[in-house]
Amino acid sequence: MPTVRFPALMKFYVDNQSEFEVNGSTVAEVIENILVRYPALKPHLFDANGELRRHFNIFVNGVHLRELNGMGTELKEGDKVILMASAAGG
């Protein structure tokens, strides 16, 4: 099972966990399964059109999804999926 890591600011939405295992053979399936368990997280990840929010990044084993196969990226046992919100400011 892949392991998903959440940023500190989002732990509130996942029972204060920073990391846990989730079933899924692709990134999309993992995200779907997370949202079944934690539906309050959905508006923080996706916009009104169902697209991943621009300020949100997903990495698989340290590689950004845009360098892989996007949400269709296949996962295997032990893979690490990191959800990361971009920071901005000045």
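Conventions and cut-offs
- Numbering of residues starts from 1 in each chain and follows the order in which that chain's sequence is written.
- Totals for whole chains, interfaces and linings use every residue, but because this is a predicted model, local features are given only for residues with pLDDT of at least 70 and side-chain atom pairs only at 80 or more, for both listing and counting.
- Hydrogens and water are ignored here; the side-chain numbers use all heavy atoms of the structure.
- Only buried Ala, Val, Leu, Ile, Met, Phe, Trp, Tyr and Cys residues count toward a nonpolar core, and they belong to the same one when joined by side-chain atoms within 4.5 Å.
- For the exposure calls, accessible area comes from a 1.4 Å probe over protein chains only, and a residue counts as buried if that area is under 20% of its type's maximum, exposed if over 50%, partly exposed in between.
- A run of DSSP states H or I qualifies as a helix once it reaches four residues; a run of E qualifies as a strand once it reaches two. Both are numbered from the N-terminal end.
- By definition, residues are in contact when any of their heavy atoms lie within 4.5 Å.
- For two strands to count as paired, DSSP must find a minimum of two bridges between them.

Undergrad: When you look at the nonpolar core in this model, what are you seeing that I'm missing?
TA: Counting residues in hydrophobic clusters, the biggest one holds 22 residues, and the most contacted among them are Val4, Phe6, Ile31, Ile34, Leu41, Leu45 and Leu83. Of all the secondary-structure elements, those providing two or more residues to this core are α1 (27-37), β3 (56-60) and β5 (80-85). Ranked by the residues each element gives to this core, the list is headed by α1, at 5 residues. What Phe6 contacts, discounting residues up to four positions off in sequence, is Val14, Gln17, Ser18, Phe20, Ile34, Leu41 and Leu83.

Undergrad: Explanation requested: the sheet that holds β5 in the structure shown.
TA: Strand-to-strand pairing in sheets goes through backbone hydrogen bonds, with the strands running parallel or antiparallel. Taken together, the 5 strands give an open sheet; going across it, the order is β2-β1-β5-β3-β4, and neighbouring strands pair in mixed fashion. Two strands lie at the open edges of the sheet, namely β2 (19-21) and β4 (63-64), each paired on one side alone. As defined by bridge partners, β3 adjoins β4 across 2 bridges and the pair is classed as antiparallel. Looking at β4, one finds that Val60 is bridged to Val63.

Interpretation note: all reported values are geometric properties and have no functional meaning in isolation.
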